[in-house]
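# Structure at a glance
The primary structure of each chain is shown beneath.
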Amino acid sequence: GFRPSLTVEHAFTEIAEARGLKPGTIVSHLEQLKQKGTLPSEALASIISKSERKTLAPIISIIKKKKITALTPIFQALKGERSFEDIRLARLFVD
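Residues numbered from 1 in each chain as written. Predicted model: local features only at pLDDT ≥ 70, side-chain atom pairs only at ≥ 80, totals over all residues. Heavy atoms only, no water.

## Remarks on the overall build of the protein chain
Check the secondary structure of the protein chain and you find six helices and zero strands. Of the regular secondary structure in the protein chain, the N- to C-terminal order runs α-α-α-α-α-α. Residue burial in the protein chain is summarised as follows: out of 95 residues, 36% are buried. A separation of at least 24 residues holds for 59% of the contacts in the protein chain among residues at least 6 apart in sequence. When the accessible surface of the protein chain is totalled, it reaches about 6,000 Å², and 56% of it is carbon and sulfur. (Helix = DSSP H or I, 4+ residues; strand = E, 2+ residues; numbered from the N terminus. Buried < 20%, exposed > 50% of the residue type's maximum accessible area, 1.4 Å probe, protein only. Contact = heavy atoms within 4.5 Å. Areas by Shrake-Rupley, 256 points an atom, 1.4 Å probe, with all protein chains shown as cover.)

In structure tokens, the structure reads:
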């Protein structure tokens, strides 16, 4: 069944609450910055802890192996075991 995003919730709840936003909105902002080329990977690494990045590793692996970035095919490849929010976050780590 559907799993809530543990990584996104954990990583961004505090930031989101401080700004009156939802954690998913923070991910949207990061996606926009990456598209513009103004999100340095060091900045992303400073936001997402090493342990949180490890939880994203299986998603990143599928994105790289299957060369897909669309959410639904990744979600299906993961058999629905990870949230769309986690997939969106993982995509930020793939160049």
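## Here's the deal with the side chain of Arg-88
Assignment of secondary structure puts Arg-88 in helix 6 (residues 84–91). Residue class for Arg-88 comes out buried when judged on its relative accessible area of 12%. A polar side-chain atom of Arg-88 sits 2.9 Å from a polar atom in the side chain of Glu-31. If near-sequence neighbours (up to four positions away) are discounted, Arg-88 is found in contact with Gly-24, Val-27, Ser-28, Glu-31 and Leu-71. (Polar contact = N/O pair within 3.5 Å; in protein donor to acceptor, adjacent residues only side chain to side chain.)

## Points about the environment of Phe-12
Along the chain, the position of Phe-12 falls in helix 1 (residues 6–19). On the basis of relative accessibility, which here comes to 0%, the residue Phe-12 falls in the buried class. With eleven residues separating them along the chain, Phe-12 and Pro-23 place their C-alpha atoms 5.1 Å apart. Not counting residues up to four positions away in its chain, the partners in contact with Phe-12 are Pro-23, Ile-26, Val-27, Leu-30, Ile-47, Ile-48 and Leu-89.

## Things to note about the pattern of salt bridges
Two side chains bearing opposite charge may form a pair once their charged atoms approach each other closely. A complete count under the given rule lists five salt bridges for this structure. A salt bridge links Arg-88 to Glu-31; the shortest N-O distance between them is 2.9 Å. Of this pair, Arg-88 sits in helix 6 while Glu-31 sits in helix 2 (residues 23–36); the two residues are 57 residues apart in sequence, bridging distant segments of the chain. Each of Glu-31, Glu-85, Arg-88 and Arg-91 takes part in a single network of salt bridges with overlapping partners. (Salt bridge = Lys/Arg side-chain N within 4 Å of Asp/Glu carboxyl O.)

The values are spatial; any link to function lies outside them.
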